[in-house]
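# Remarks on the overall topology
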2 protein chains.
Amino acid sequence: MSFDRETLESVLKRRFFYAPAFDLYGGVSGLYDYGPPGCSLQANIVDIWRKHFVLEEDMLEVDTTMLTPYDVLKTSGHVDKFADWMCRDPATGEIFRADHLVEEVLESRLKGDKEARGVVTAPDSGEEKKRKKKVKEIKAIKLDDEVVAEYEMVLAKIDGYSGPELGKLMKKYTIVNPGTGGPLTDPLEFNLMFETAIGPSGNLKGYLRPETAQGQFLNFNKLLECNNTKMPFASASIGKSFRNEISPRSGLLRVREFLMAEIEHFVDPQDKRHARFGEVKDIVLRFLPKTVQQEGRTNIVEETIGSAVSAGIVDNETLGYFLARIYLFALKIGVDRTKMRFRQHMSNEMAHYAADCWDLELLTSYGWIECVGCADRSAYDLTVHSKRTGEKLVVRQALTEPIVTEQYEVELDKKKFGPRFKRDGKKIEEFLMTRTQDELEMLSAELESKLSITVAVPEMEDTVEIGQDLISVTKKTRNDFIREFTPNVIEPSFGIGRILYSLLEHNFYVRENSDARAVLAFPPVVAPTKVLLVPLSNDPKFEPLLRAVSAALRRQGISNKIDDSSATIGRRYARNDELGTPFGVTLDFQSIEDGTITLRERDSMKQVRGAVDAVIEAVKTMVSGDGITWEEGTAALTPFDSAAE
Amino acid sequence: MSFDRETLESVLKRRFFYAPAFDLYGGVSGLYDYGPPGCSLQANIVDIWRKHFVLEEDMLEVDTTMLTPYDVLKTSGHVDKFADWMCRDPATGEIFRADHLVEEVLESRLKGDKEARGVVTAPDSGEEKKRKKKVKEIKAIKLDDEVVAEYEMVLAKIDGYSGPELGKLMKKYTIVNPGTGGPLTDPLEFNLMFETAIGPSGNLKGYLRPETAQGQFLNFNKLLECNNTKMPFASASIGKSFRNEISPRSGLLRVREFLMAEIEHFVDPQDKRHARFGEVKDIVLRFLPKTVQQEGRTNIVEETIGSAVSAGIVDNETLGYFLARIYLFALKIGVDRTKMRFRQHMSNEMAHYAADCWDLELLTSYGWIECVGCADRSAYDLTVHSKRTGEKLVVRQALTEPIVTEQYEVELDKKKFGPRFKRDGKKIEEFLMTRTQDELEMLSAELESKLSITVAVPEMEDTVEIGQDLISVTKKTRNDFIREFTPNVIEPSFGIGRILYSLLEHNFYVRENSDARAVLAFPPVVAPTKVLLVPLSNDPKFEPLLRAVSAALRRQGISNKIDDSSATIGRRYARNDELGTPFGVTLDFQSIEDGTITLRERDSMKQVRGAVDAVIEAVKTMVSGDGITWEEGTAALTPFDSAAE
């Protein structure tokens, strides 16, 4: 059965998985609140994430502040580069995100062309009709064939254009305000960080963080110390980040406030092997490498991560290890394997700090969505923060064999040097001390042949002659027993909201029976509620056993809800199908007599019966996340046939 | 042994429980990062909170946005009233929080007076010396006895003064910039919310939320629906909130970004009983009621919550139930019972929305600290949001017996009324429709006697006469089968950071042995790491068993760390005493032979020995939070004497 987004959305709204925030006040676009089932689903995803990554690998979890002072984000590059391009209509004050506008206008013209050519296009889905499109109507105008080809090429590369390039496209294709036909400004850069002032003076400018990563980098020295200075190691952080989108769209997929889970794995740049790579090397992943994309294709390459690393498709073992672990995590929470791919970034689309990057993309009705980024940020962040603050952010490694280096060194006779050059002494000294090895080699030769050197120091009018009574430039041998290096960072970064939304789509189906009930088929480990408890009727006789079963489940950490309303059992199960509750327990009059209860599975609607303790034990094994199937989990219980619902 | 804050702080810093955020950049006051042990401690407190409150009572947890538009916080009163008073020095630009400045100056004068009188005062603790005091030196100047009395009275009431009152005190006592002696401005109101702009236009003003509560109130209708419209029910939310403190101080106790856990329990204003009050009524709490405080005393009253509610000290069962549950939560995570008290707010200090409020205060080296507020916010928030948006936020209760009400009602003959009064018709109608029952009774009598009424409508020059051909005012009987009411809200609100800091102080001690080791004696359920695994030496023979025990513990969800460094076992335990790890497992050569291991308890340093599975089972019962003691948990294992460490 084909996926219908409108049906899913009505379930999500009715059961309050999430809803536009502040809708009582007309709403604020790009902000969503999670209701009880959404909040619980999110908590379960985060909990599994923490076990799968943090606990499994002994990562150092930190919780750092969202408020971040200007200086930090200036250094990291976000003040200058974390921006999108927008165009303003001076007449109406409307603001458009430049790339989105170009995309939408060209797409609508292509549609109009197809209409004019009489090509049947797929009708708009309900959602598309509802979506606030900038382009309100499609005009059936035929385009030249080469224009069509040009538009299609632009659309294929739409993510890669700079602001000025978008401006040129807008001029070339006469793209104006689609509502009024009025002209727009050239694309202007708009920084996507929310700005605020910290403290009462208003002088300390700050931002809401755009990622959790910077807080982890700034604590690098303390974290290395926590790890007893051993390398490699990883830190991790789960928390909200912010992005002041120009025009948020696509529901949970593009929002202004979102939960992230980020890992910063610090690794020796000379050794990116991973100790546990062997455990994952035979896992087959679905890749979309940049070489394939460069050919304009999107064919997926299926390969083991082991051979992808050997073949150099994936750069190194650590990157490869995390891709495999990300894949296993996605499977565990219920992502559809056939709707996953790892797409490599093209060099023109990588973040300003990244050396290589693979995204886990999940296929939804909005297309392929980037849900996890796995970037090699190289030594970029640690280096820039260290340079800016003067604090070393390095690893010191004791060596048994020294590193032997030969290099030219300058020595000055300070006693004579100062009096000789007076005020210029500092300038000349700094100039000499910052020469490259090649330059020093030449100076050394000059000194040997001429017994003096002549140098042109910037900011000084005349050249300076320095005799060998004042200076020596000689080759020295150094033995270093300490190797000092700035680690590289491999960063798996998870957008929890996007994963959660994709999970909803991947697990949604409509039962193929008369009443077409909607079901969210979450794996038990991630389901908001694990067990629905229903008494056959609201006879007060059921009350004591009902409470006892509920309390016993709770003691085992199994979330459960009682529904003792007067609705039919079928209706009560239908409500919980929409909530994705995997198990139902029914209490009937026999239960009161002999303490046996019925356990029902959501998707197969199979039932078994057994004593309360045995049923709880079965549920416990099946919700543990260890992948125990219904057949395995309920092997000790008795199959049970009930009347049709 | 007396508590030494400096020793605790050096442990917290060394083990990276938390640290000033951005210290690489010189730090930003009032912002702290949690390192791995602090982050884990926080996560455990939150986890216990969720189980103790949310799961135990089937609360509806939500996750709402921090970014909040202006309109919402204008309506809630925060734009106008969420403020502190500050004074500026026009010469230097320095800013002082007015109440803190008055407090500090008067305290220093009292100290100077004591010195002048030759009274020995306790020396400043190390921390006080370090703290950035505004008043740098104490001058030994004797004060008149009545001045001393006046100062003491002002200090006792320092939390209750308004800005203008603080201004008067500053004039009266000539309080100036303590650093320069220069004059200060009158106290100005400073709003404590962080402001930002949402979206690219800059026109939508927003704030970072000061509390999670508003997000819950705005979703009231959806939450009521989630609860199948049953009352009473509670929602809950865990998340960061923000407060732009004028001058943050006291470490984690007064910060600008903090984690809150808040419950909004919605209850019928006519019935504030609680179904589970019977389960807690015999619990003895330590109260500081407002009546005691009004007499200028701070004596604690110990009483059961049952009798406190009966006696009217605590207003109602629901409030009382939550006070008892808060107490049980605090005990479970390891708060010292003797350092807890429930203090009732005086009427002049209550938040603008509160009808009654009790704080759980914990005693620390900074004094009694408000850690949990438990307020009855009445129907304030739901009412104002409903009024502002025109959306009903109410409960509709079906009645079996109707509510019968008699009331005067106005009826107009619309056909004649409009033509008769023309433009003024609307004004007159609105005036009539908004009269009170008493006024209507009088109008009814007037109409009966004079056959017309004469009314003075605001904004109209002349009085208006309306005859009985146009209007009737008569008493009518109404039968309502639906009762519609705005619920009241009981709000337990937890400051997780403050609780966490108090917990650190309450659980800190120094071993009374030769090396005076510092210990954080967390209860096992809350400890960041549960088990330290140490092999006798770093012989590779230990490796397989070590990994196996670690993996087995992890499978049971028990966090553990391996320390196979070359430090002595005693030293390795010392490190983990500082981290508060409750259990240590030692592997020796016998372990390799027969699979038995030694388990050690942190505080008593008692040891037992047994097979791996048996030891893990014992640990599992002791970390569960069910209050199983060492003696109970290890009854099946063999006592073990090791050589002295």
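One structure accompanies this document, and this report is about it.

## Points about unusual backbone geometry
Residues and elements named next belong to chain A. Residues Met231 and Pro232 are joined by a peptide bond in cis, for which omega reads -15°. Position of Pro232 relative to the elements: it lies in the loop between helix 10 (220–226) and strand 10 (233–242). In this structure, Phe16 is a non-glycine residue whose phi angle is positive, near 50°. Within the fold, Phe16 resides in the loop between helix 1 (5–14) and strand 1 (18–20). Residue class for Phe16 comes out buried when judged on its relative accessible area of 1%. Of note, Met605 is a non-glycine position whose phi angle comes to about 60°, a positive value. Within the fold, Met605 resides in the loop between strand 27 (596–601) and strand 28 (607–611). Relative accessible area serves as the criterion here: at 34%, Met605 is assigned to the partly exposed category.

## Focus: empty space enclosed by the protein
Within this structure, the stated rule accounts for 8 cavities of 30 Å³ or more. Quantified by volume, the largest cavity comes out at close to 140 Å³. Lining the largest cavity are 15 residues, and of these Tyr32, Tyr34, Glu257, Phe258 and Leu259 of chain A sit closest to its centre. Among the secondary structure elements, those contributing two or more residues to the lining of the largest cavity are strand 2 (32–34), strand 11 (257–267) and helix 19 (496–506) of chain A. Looking at the lining of the largest cavity, the element that brings in the most residues is strand 11 of chain A, giving 3 residues. When grouped by side-chain class, the residues that make up the lining of the largest cavity number 8 nonpolar, 4 polar and 3 charged. The calculated volume of the second largest cavity comes to roughly 70 Å³. In terms of lining, the second largest cavity is formed by Phe22 and Asp33 of chain A together with Thr64, Thr65, Thr68, Leu73, Arg209, Glu211, Thr212, Gln214 and Gly215 of chain B. Across the lining of the second largest cavity, the residue classes break down as 2 nonpolar, 6 polar and 3 charged.

## Side note on the packing of aromatic side chains
Per the counting criterion, the structure on display carries 44 aromatic pairs over all chains. Ring geometry for Phe217 of chain A versus Phe266 of chain A: centroids 6.4 Å apart, planes at 80°, classification edge-to-face. Taken together, the positions of Phe217 of chain A in helix 9 (residues 213–218) and Phe266 of chain A in strand 11 put the pair 49 residues apart, joining distant regions of the chain. Overall, Phe217 of chain A belongs to the buried group, its relative accessible area being 0%. Judged by its relative accessible area of 0%, Phe266 of chain A is buried. Grouping aromatic residues by their ring pairs yields a cluster made of Trp49, Phe53, Phe329 and Phe494 of chain A. The lysine or arginine in question, Arg435 of chain B, covers the ring of Phe431 of chain B, its NZ or CZ lying 3.9 Å from the ring centre. Positioned above the aromatic ring of Phe640 of chain B is the side chain of Arg609 of chain B, whose terminal nitrogen or guanidinium carbon lies 5.3 Å from the ring centre.

## Overview of the side chain of Asp113 of chain A
Residue placement: Asp113 of chain A occurs in helix 5 (residues 98–117). In this structure, Asp113 of chain A is in contact with Ile141, Lys142, Leu143 and Val148 of chain A, ignoring residues within four places of it in sequence.

## Some remarks on the sheet that holds strand 28 of chain A
All names here are of chain A. Read across the open sheet, the 6 strands follow the order 25-24-26-27-28-29; overall the sheet is mixed. The open sheet has two edge strands with one neighbour each: strand 25 (560–562) and strand 29 (638–639). Docked against the sheet, helix 21 (residues 569–579) engages strand 24 (531–535), strand 26 (583–587) and strand 27, running at close to 165° with respect to strand 24. Sitting on the sheet, helix 23 (residues 612–622) is in contact with strand 24, strand 26, strand 27 and strand 28, with an inclination near 125° to strand 28.

## Here's the deal with the interface of chain B and chain A
Contact with chain B, which involves 70 residues of that partner, is made by 70 residues of chain A. The contact between chain B and chain A buries some 6100 Å² in all, and 63% of this surface belongs to carbon and sulfur atoms. It is Leu24, Tyr25 and Pro200 of chain B in chain B that bury the most area against chain A; as a group they hold 13% of the surface buried on that side. Our count for the chain B to chain A interface comes out at 10 salt bridges.

## What to know about the relation of the copies chain B and chain A
With an axial shift of 0.0 Å and an RMSD of 0.3 Å, the rotation relating chain B to chain A amounts to 180°. As the rotation angle and translation indicate, the two copies are arranged about a two-fold axis. Using C-alpha coordinates, one finds that chain B approaches the rotation axis most closely at Thr196 of chain B, a distance of 2.7 Å. Of the interface residues in chain B, 100% have counterparts in chain A that sit at the interface too, so the contact is made through matching surfaces.

## Quick look at the side chain of Glu262 of chain B
All names here are of chain B. Along the polypeptide, Glu262 turns up in strand 11 (residues 257–267). Here Glu262 is buried and forms no salt bridge, its nearest opposite-charge partner Arg377 lying at an N-O distance of 5.2 Å. Within polar-contact distance, the side chain of Glu262 engages the backbone nitrogen of Ala213 at 2.9 Å. Look past the residues within four positions of Glu262 in its chain and what remains in contact with it is Trp49, Glu211, Thr212, Ala213, Gln216, Ser235, Ala236, Ser237, Glu491, Pro492 and Ser493.

## Overview of the sheet that holds strand 7 (residues 188–191) of chain B
All names here are of chain B. Ordered by their spatial adjacency, 3 strands build an open sheet running 6-5-7, and the pairing between neighbours is antiparallel. With one partner strand each, in any of the chains shown, strand 6 (95–97) and strand 7 form the two edges of the open sheet. The average undirected angle you get between the axes of adjacent strands in this sheet is 45°. Relative to strand 6, helix 5 (residues 98–116) is tilted by about 80°, and along the sheet it contacts strand 5 (83–88) and strand 6.

Definitions and limits used
Residues numbered from 1 in each chain as written. Chains lettered and ligands numbered in written order. Predicted model: local features only at pLDDT ≥ 70, side-chain atom pairs only at ≥ 80, totals over all residues. Heavy atoms only, no water. Helix = DSSP H or I, 4+ residues; strand = E, 2+ residues; numbered from the N terminus. Buried < 20%, exposed > 50% of the residue type's maximum accessible area, 1.4 Å probe, protein only. 1 Å grid on protein atoms, 1.4 Å probe; cavity = no way out; pocket = protein on both sides within 12 Å on 5 of 7 lines; lining within 4 Å. Points joined across faces, edges and corners; volume = space filled by probe spheres on them. Nonpolar A, V, L, I, M, F, W, Y, C, P; charged D, E, K, R; others polar. Phe/Tyr/Trp six-rings, centres within 6.5 Å; stacked < 30°, edge-to-face > 60°. Lys NZ or Arg CZ within 6 Å of the ring centre and 35° of its normal. Contact = heavy atoms within 4.5 Å. Pairing = 2+ DSSP bridges. Axes fitted to C-alpha atoms, helices over the stretch in contact; angles between N-to-C directions. Buried area = accessible area lost by both parts, 1.4 Å probe. Salt bridge = Lys/Arg side-chain N within 4 Å of Asp/Glu carboxyl O. Least-squares fit on C-alpha atoms with pLDDT ≥ 70 in both. Lys, Arg positive; Asp, Glu negative; His and termini not counted. Polar contact = N/O pair within 3.5 Å; in protein donor to acceptor, adjacent residues only side chain to side chain.

Just distances and angles here, no functional claims.
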